[in-house]
Amino acid sequence: MDVELMLKVYPYFIKAAWVTIELSVLTTILGLICGALGAAARLSRLRVLRIIGVTYVSFIRGTPALIQLFILYFGGPQIGIQLDAFEAGVIGLGVNIGAYMTETIRGAIIAIDKGQAEAARTLGMSRYLSMRYVFLPQAARLMIRPLGVNINALIKGTALVAAISVIELTYTAQRYIGSTYKPFEMFLISGVLYMIIIYITGRGIAWLDRKARIV
């Protein structure tokens, strides 16, 4: 193992790790927005919204994320959607993870005892108010851990954007392998940095989960 080479190139991997972190944060935010909207559509009383929600989840979960990125980045210009690689990565992965978060959020909401909805109606609360003050606060506690699993999968999934030339950890490893012919060392550095990012994220999610259960 060429430790000297690893020490020489690691600053470039640190820079790439920040790109991975930035990509993960922005994608998580977009994913949560898509997940919340998707769950609202799936739970709506309007049939057309339920169909839209089911179609979104079925299509996104039924096709590879890499294909979705290719369609957005390479196929987008054909229909007037011109995005740079980073933007395409954020939107593509955000919409993708949003489909999984849709089911996570929906599952947490429907897990709440239906008797509470009846109690809320007895108190004169509308469906909107019962959802806001009764269901969502309880569902939020239930969804933290599953959403954490989604987020960890997302962080590892950011490696896919190397295929559209976003200069993050995986792309950086591939680039240096091409010039050094040292795949073990390059992938080891990127793997360790991924592990550190996921570990810190996991600890943060565990902290949020503990706080939510105390309240």
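One structure accompanies this document, and this report is about it. Since the model is a prediction, treat every value here as computed from it, not as a measurement.

1. Points about the overall build of the protein
Line of reasoning, step 1. When its secondary structure is counted, the protein shows eight helices and zero strands.
Line of reasoning, step 2. C-alpha extents for the protein along the principal axes are approximately 70 × 45 × 20 Å.
Line of reasoning, step 3. By the burial criterion, 40% of the 215 residues in the protein qualify as buried.
Line of reasoning, step 4. With an accessible surface of roughly 12,400 Å², the protein has 68% of that area assigned to carbon and sulfur atoms.
Line of reasoning, step 5. Mean positive and mean negative side-chain charge positions of the protein (21 and 11 charges, respectively) differ by 13 Å.

2. Side note on the packing of aromatic side chains
Line of reasoning, step 1. Counted according to the given criterion, the structure contains four aromatic pairs.
Line of reasoning, step 2. Judged by centre distance (5.5 Å) and plane angle (55°), the ring pair of phenylalanine 70 and phenylalanine 74 falls under tilted. Of the two residues, phenylalanine 70 and phenylalanine 74 both sit in helix H3 (residues 65–75), four residues apart, roughly one turn of that helix.
Line of reasoning, step 3. Given a relative accessible area of 30%, phenylalanine 70 falls into the partly exposed group.

3. Overview of the packing of H3 against helix H4 (residues 85–110)
Line of reasoning, step 1. Contact pair H3 / H4: the axes reach a minimum separation of 9 Å and the direction vectors enclose 135°. Here H3 lies oblique to H4, going by the angle between them. With respect to the hand of their crossing, H3 and H4 are arranged in right-handed fashion. Residues Ala65, Gln68, Leu69, Leu72 and Tyr73 of H3 lie in contact with H4, whose contacting residues are Ala85, Ala88, Gly89, Ile91, Gly92, Leu93 and Asn96.
Line of reasoning, step 2. Residues of the contact of H3 with H4, tallied by class, amount to eight nonpolar, four polar and no charged.

Definitions and cut-offs
Residues numbered from 1 in each chain as written. Predicted model: local features only at pLDDT ≥ 70, side-chain atom pairs only at ≥ 80, totals over all residues. Heavy atoms only, no water. Helix = DSSP H or I, 4+ residues; strand = E, 2+ residues; numbered from the N terminus. Buried < 20%, exposed > 50% of the residue type's maximum accessible area, 1.4 Å probe, protein only. Areas by Shrake-Rupley, 256 points an atom, 1.4 Å probe, with all protein chains shown as cover. Lys, Arg positive; Asp, Glu negative; His and termini not counted. Charge placed at Lys NZ, Arg CZ, Asp CG, Glu CD. Phe/Tyr/Trp six-rings, centres within 6.5 Å; stacked < 30°, edge-to-face > 60°. Axes fitted to C-alpha atoms, helices over the stretch in contact; angles between N-to-C directions. Parallel < 35°, antiparallel > 145°, perpendicular 65-115°, else oblique. Left-handed = near helix turned anticlockwise from the far one by under 90°. Contact = heavy atoms within 4.5 Å. Nonpolar A, V, L, I, M, F, W, Y, C, P; charged D, E, K, R; others polar.

Such coordinate-based values are descriptive only and should not be taken to indicate function.
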